[in-house]
Each structure stands twice: as structure tokens, then as C-alpha cells.
Amino acid sequence: MMQINNYTSSADRAIAMIPELVDKVTELLKSDKAEDKADEAAE
């Protein structure tokens, strides 16, 4: 989803980026857990 907003300060932009950051961190952690499970199964 693309949002078009006029941000008045860098703090507003940082706050607007938080949901995207959370999504990326969650995706990264999920992929790490999947790799850990695959490594355990291989051993």
C-alpha cells in the first residue's frame, strides 16, 4: 500500500515508517526460525 502524505518533520516520517520496519523485522525473524528448524532436522 502506498500512502501519499505531507510530513512536516523528520519525526513524522520516522513514525510513518514504523509499520514497514516491523513487517521487515518479522519477516527476517520468520526466515531465521525456518532455517534453524531445517538445520536441526538435518542433524
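Given the structure is predicted, the values throughout are model-derived calculations rather than measurements. Residue numbers run consecutively from 1 along every chain, following the written order of its sequence. Side-chain atom pairs in this predicted model are given and counted only at pLDDT of 80 or more, local residue features only at pLDDT of at least 70, and totals for whole chains, interfaces and linings cover all residues. Each side-chain value is derived from all of the structure's non-hydrogen atoms; neither hydrogens nor water enter the calculation.

A word on the overall build of the chain
So the rule is basically this: Secondary structure elements are defined from DSSP: runs of H or I of at least 4 residues count as helices, runs of E of at least 2 residues count as strands, and each element is numbered from the N terminus. A 1.4 Å probe rolled over the protein chains alone gives each residue an accessible area, and that area as a share of the maximum for its type sets the label: buried under 20%, exposed over 50%, partly exposed in between. Surface exposure here means Shrake-Rupley accessible area, sampled with a 1.4 Å probe, where a residue is shielded only by the protein chains that are shown.
Across its full length, the chain carries 1 helix and 0 strands. Put simply, the chain has 43 residues, and 0% of those count as buried. Element-wise, carbon and sulfur atoms account for 58% of the exposed surface of the chain, whose accessible area totals about 4,400 Å².

Comments concerning the pattern of salt bridges
To keep it simple, the criterion reads: For this document, the term salt bridge refers to a Lys or Arg side-chain nitrogen within 4 Å of an Asp or Glu carboxyl oxygen.
Applying the stated rule across the entire model yields 1 salt bridge. The closest approach of N and O atoms between Glu20 and Lys24, which form a salt bridge, is 3.3 Å. Here Lys24 and Glu20 lie together in helix 1 (residues 10-42), a separation of 4 residues that amounts to about one turn. Looking at Lys24, the relative accessible area reads 52%, which means it is exposed.

Quick notes on a nonpolar patch on the surface
Let me state the cut-off plainly: Patches in this entry comprise residues that are over 30% relatively accessible and not in a salt bridge; like charges within 9 Å are linked, as are nonpolar side chains (Val, Leu, Ile, Met, Phe, Trp, Tyr) within 5 Å.
Nonpolar side chains collect at one region of the surface, where Ile15, Ile18 and Val22 lie side by side and expose about 270 Å² of accessible area between them. Structurally, Val22 can be placed in helix 1.

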